[in-house]
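Observations on the model geometry
Residue strings, one per chain:
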Amino acid sequence: MANEMVVFQGKSFSVGLQSMLGSTAYGWCLTGLPKGVVLLNIETEKVQSPNTVAPIIQKFWFVAVSETDKKAEIEFTMMNFTNLSATDQKHNVSISVVPSDSDEFAKYSENNDAMLRSISNAAIPYGYVLGAQDPLLKYGYACDVADTPTLKYGYPCGIQDATNTNVKYGYTCGANDATAVKYGYPCGTQDATLMKYGYPCGVEDATLKYGYPCGAEDVATGVKYGYPCGEPVLKYGYPCGDTPALKYGYPCGDAPVLKYGYPCGDTPVLKYGYPCGAQDATLKYGYPCNIQNSAVAYGYNCNAQNAMMKYGYFC
Amino acid sequence: MAHIEYKPVTAVWEVTMGCNMRCGHCGSSCAGALPGELSTMEALDLCDQIAELGLRWITLSGGEPLTRKDTPDLVKRLSGNGVKVNIITNGWLLDTDMAKRLKDSGISTVAISIDGTPEIHDSVRKEGAFEHARNAFHAMTEFGIETGAVTTITKKNIDILSDLKEELIGMGVKTWQVQLGLPMGNLKERPDWVLEPKQVNDVIDFCYNTAKEGRIRIYPADCIGYYSKKDLETRRISFGFDRHSLWDGCNAGVRGFGILHNGDILGCTSIRSKEFIEGNIRKRKLREIWEDENAFLWRRQLTKEKLSGSCKTCVYGSKCLGGCPNTRLTMKGSIYEENEYCAYNLSLKKKETKYSKCDNAAALRRLADSLIQQGDYQEASFALKRTKELDPENADVYSAIGYSEFMCGNYESCLEANNKALEMDSNNTYAMGGRALALFRLGQKDEGIRIMREAVALTGGRDINLIQDLRYMTDGKM
């Protein structure tokens with residue numbers, strides 16, 4: 001099985017492969033690296049699962065430092081770490097490097113300010129590996145042929161999805177579902193007074209609905225879902241214009257300490273992301289920057305079935 | 001109605017066309033003083049008008065401004081009115097006495113023309129010119145006057161810029177402006193001196209490396225650029241900015257103007273043929289000329305659409321407006337021609353060639369997506385146009401072209417591409433949205449909004465991008 005990636009010289013990219021490393025001795029090893037491509041980092045990422053034994057995603061970060069040969073391939077081998085001669089299977093990723101221009105120019109469009117279009121349009125397909133028939137990462141989550149039945153949209157699914165009620169959409173559910181965790185938020189008996197859809201509710205519910213103040217103002221459209229309506233300087237919680245101290249509704253400059261905030265500027269590791277940190281930087285409800293950024297939309301799967309709002313996020 | 005939105009901050013005043021040198025690259029072919037020069041009284045009155053108009057600084061040049069005996073008096077009147085004065089001189093007459101007079105008159109800065117190492121400088125200008133310039137630097141330093149160097153770059157000196165840099169640093173020069181020698185005046189008679197367009201990149205590289213060294217502050221003139229990160233970084237370093245400042249079009253007639261020796265007012269002293277003269281201060285007050293709604297129209301009404309060649313479709317076009325108009329005028333014969341001495345223009349030419357050689361439509365399409373997502377709309381446009389040639393029946397390609405052209409500010413092309421996509425699939429709501437935006441930008445706002453509403457309705461209100469675009473259109477944010 002081979003995958004194709006188009007990468008830019010000088011910009012990092014990653015390959016995510018699922019394995020049972022940690023619970024078994026089998027894991028992916030980098031066994032072949034073409035000239036001009038450098039390994040930057042390796043990290044592992046857990047797949048959310050209530051099960052004791054769960055797969056992990058081994059993420060290999062690379063950068064193309066120069067043009068590669070026409071048919072450059074990165075080779076991974078599934079190995080038994082207690083018996084390195086016992087190789088199980090290979091996985092090759094072919095790389096096409098777009099050489100960087102020696103002269104770089106400032107990014108500009110007269111429509112940038114007004115038209116911060118997301119990539120979710122018909123002309124620009126989703127997919128980590130752009131245009132590849134068999135994406136190594138799809139919708140921001142690792143997958144491959146083998147993954148398909150067990151991992152979909154980053155969550156265990158497939159056979160289990162339909163029959164095993166313990167795991168649904170990546171959140172614990174099933175027998176305990178009703179009282180423990182639903183859609184990732186505590187619910188059940190406490191639901192009415194403690195958390196609803198992730199937002200405090202209960203006694204405060206009258207003044208705080210879906211996490212946003214409401215009430216009289218709500219009806220009067222002065223405040224709806226917590227955001228002043230019709231206000232030219234604030235719309236849907238995001239300040240309009242070029243307020244330097246606030247961008248996307250969150251204070252700038254707080255990237256290291258801000259959670260669920262959006263680091264402003266050109267933070268190379270995480271942009272429009274959520275919790276920062278070494279693990280988070282690559283993929284967790286966040287959006288990897290660099291070349292990968294372009295291919296991972298909101299970290300969520302959007303498709304025709306999606307409602308406009310899902311788990312509180314537009315998709 | 002007066003053009004009150006244009007606030008001039010600076011001007012260049014050629015106080016005389018008389019000069020004591022006959023430089024090979026002189027853009028004004030200066031020799032003896034020309035008839036019609038403003039008298040001292042007229043010039044002093046103009047100094048008052050300049051201050052009244054609110055200029056913050058002015059450059060006195062020529063000719064050789066110090067050949068005019070009353071130049072220190074003009075400096076004194078201007079500086080006394082709160083206008084900072086800079087003089088560009090060849091330094092021949094700038095001895096200790098003149099330095100003292102300028103100091104006493106309140107001069108702010110002096111720039112001395114240096115066009116090469118001693119041998120080259122003298123060959124371009126006059127025997128002994130370099131030595132006089134060196135002495136002038138020393139005189140100015142003695143009086144504590146901030147003094148820099150100005151170099152006109154031609155093929156005569158481009159290869160010795162590093163040597164010249166060392167020479168200037170050795171003389172204690174702190175600031176250095178470099179400008180391209182353009183084929184006008186005497187240089188028009190010496191085409192073999194004029195740089196090739198691609199050499200502008202060598203100039204930018206030199207400036208960038210010099211700025212990074214930090215031994216002398218180097219200032220590329222407005223004819224050098226545009227939007228190259230090296231150029232931006234050079235200016236950021238030299239001006240001491242904390243961020244890059246993008247070129248925002250020529251100052252002529254917008255933030256500055258020129259004054260000729262006889263009181264003619266024009267946008268730029270380099271663009272001086274009759275049709276560019278907006279008035280004369282012997283006939284009208286300076287403020288009246290500046291605020292004349294029919295003055296400086298060539299610049300004030302210049303739009304990207306009026307440009308030609310690559311500038312007309314350039315992503316920076318509406319901001320840049322083709323860079324230096326005089327470069328286009330002298331190199332190509334019109335201020336509306338494309339600027340072949342633009343670093344970005346040079347880059348576009350290379351990219352166009354690169355993509356024309358690629359025959360893999362699928363790879364180009366993938367690459368275009370990556371380029372769009374990284375904000376390289378112009379390059380994506382090249383890739384997509386080539387994709388269209390290779391795969392002309394692919395509606396998705398036309399949608400993508402529509403998007404990239406919109407982001408490049410090319411609304412006619414955007415409209416054309418989206419119309420083509422809609423011909424192939426009339427329910428393509430993405431192309432419908434693109435068509436709406438293009439029409440909106442082209443001035444058909446009501447029709448654009450109507451089509452966008454139709455697109456939103458067709459998606460059942462589920463496409464957040466279309467809804468957002470509609471909001472921008474109706475909220476007046478576009």
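Rules of the game
Residues numbered from 1 in each chain as written. Chains lettered and ligands numbered in written order. Predicted model: local features only at pLDDT ≥ 70, side-chain atom pairs only at ≥ 80, totals over all residues. Helix = DSSP H or I, 4+ residues; strand = E, 2+ residues; numbered from the N terminus. Buried ≥ 20, exposed ≤ 12 C-beta atoms within 10 Å, placed from the backbone. Contact = placed C-beta atoms within 7 Å. pLDDT = per-residue confidence, 0-100. Pairing = 2+ DSSP bridges. Axes fitted to C-alpha atoms, helices over the stretch in contact; angles between N-to-C directions. Expected span 1.5 Å × (residues − 1). Arc of directions from axis to C-beta. Core = buried A, V, L, I, M, F, W, Y, C linked by C-beta atoms within 7 Å.

Helix and strand content of chain A: three helices and 27 strands. Scored against the burial criterion, the 315 residues of chain A give a buried share of 27%. At a minimum sequence separation of 6, the contacts of chain A that also span at least 24 residues come to 45%.

The next subject is the confidence of the model for chain A. Residue and element names in this part refer to chain A. A residue-level look at chain A finds 31% of positions with pLDDT of 70 or above and a mean pLDDT of 53. Considering each helix and strand of chain A separately, the mean pLDDT is smallest for strand S8 (residues 137–138), with a value of 32, and largest for strand S3 (residues 26–32), with 90. The model gives residues 113–315 a pLDDT under 50, and that stretch makes 290 contacts with residues more than four places away or in other chains.

For sheets, the rule is that strands pair by backbone hydrogen bonds, running either parallel or antiparallel. All names here are of chain A. Strand order in this open sheet of three strands is S2-S5-S4, and the pairing throughout is antiparallel. Taken across any chain shown, the strands that pair with only one partner, and hence form the sheet edges, are strand S2 (12–19) and strand S4 (37–46). Going from strand to strand, the sheet's axes swing by 20° on average, the running direction of each strand aside. Here S2 runs beside strand S5 (residues 56–64); their pairing, made up of eight bridges, is antiparallel. Looking at S5, one finds that Gly 16 is bridged to Lys 59.

So, about helix H20 (residues 445–458) of chain B. Residue and element names in this part refer to chain B. Across its 14 residues, H20 extends 20 Å between first and last C-alpha, which sits within 8% of the 20 Å expected from 1.5 Å per residue. Of all the positions in H20, only Gly 448, Ile 451, Met 452, Ala 455 and Val 456 are classed as buried. Burial along H20 is one-sided: seen end-on, the buried residues are contained in an arc of 145°. Seen from the open side of H20, the exposed residues pointing more than 90 degrees away from its buried face are Asp 446 and Ala 457. Buried residues along H20 sit against helix H19 (429–441) and helix H21 (464–475).

The next thing to look at is helix H16 (residues 377–390) of chain B. Since the α-helix advances by 3.6 residues per turn, residues separated by three or four positions end up pointing in the same direction. Residue and element names in this part refer to chain B. The end-to-end C-alpha distance of H16, which contains 14 residues, comes to 20 Å, matching closely the 20 Å that a straight helix rising 1.5 Å per residue would cover. Summarising burial for H16: twelve of the 14 residues are buried, a large majority. All of the buried residues in H16 are Tyr 377, Gln 378, Glu 379, Ala 380, Ser 381, Phe 382, Ala 383, Leu 384, Lys 385, Arg 386, Thr 387 and Lys 388. Check the buried side of H16 and you find it contacts helix H14 (343–356), helix H15 (361–373) and helix H17 (395–407).

Before going further, it helps to spend a moment on the sheet that holds strand S3 (residues 84–89) of chain B. All names here are of chain B. Taking strand neighbours across the sheet as the criterion, the ten strands line up as S7-S6-S5-S4-S3-S2-S1-S8-S9-S10 in an open arrangement whose pairing is mixed. The outermost strands of the open sheet, each flanked by one partner alone, are strand S7 (217–220) and strand S10 (277–280). Strand-to-strand twist across the sheet, computed as the mean angle between neighbouring axes with direction ignored, equals 25°. Bridge count for strand S6 (residues 175–180) against S7 is four bridges, and the pairing is parallel.

The next subject is unusual backbone geometry. All names here are of chain B. Note the cis peptide between Gly 62 and Gly 63, where omega equals 25°. For the bond from Gly 225 to Tyr 226, the omega torsion is 5°, close enough to zero to count as cis. Locating Tyr 226 in the fold gives a position in the loop between S7 and helix H8 (229–239). We note that Phe 296 has phi near 60°; this positive angle belongs to a residue other than glycine. Mapped onto the fold, Phe 296 is located in the loop between helix H9 (286–290) and helix H10 (297–300).

If you look at soluble globular proteins, the nonpolar side chains tend to sit buried side by side. Counting 159 residues, the largest nonpolar core has Ile95(A), Ile50(B), Ile58(B), Tyr344(B), Ala368(B) and Ala383(B) as its most contacted members. Among the elements that take part in this core, H19(B) stands out by supplying eight residues, more than any other. Those residues in contact with Tyr344(B) that lie beyond four places of it in its chain are Phe105(A), Tyr226(B), Tyr227(B), Ser228(B), Cys314(B) and Tyr316(B). Counting six residues, the second-largest nonpolar core is a separate cluster that includes Cys19(B), Cys23(B), Cys26(B) and Cys30(B).

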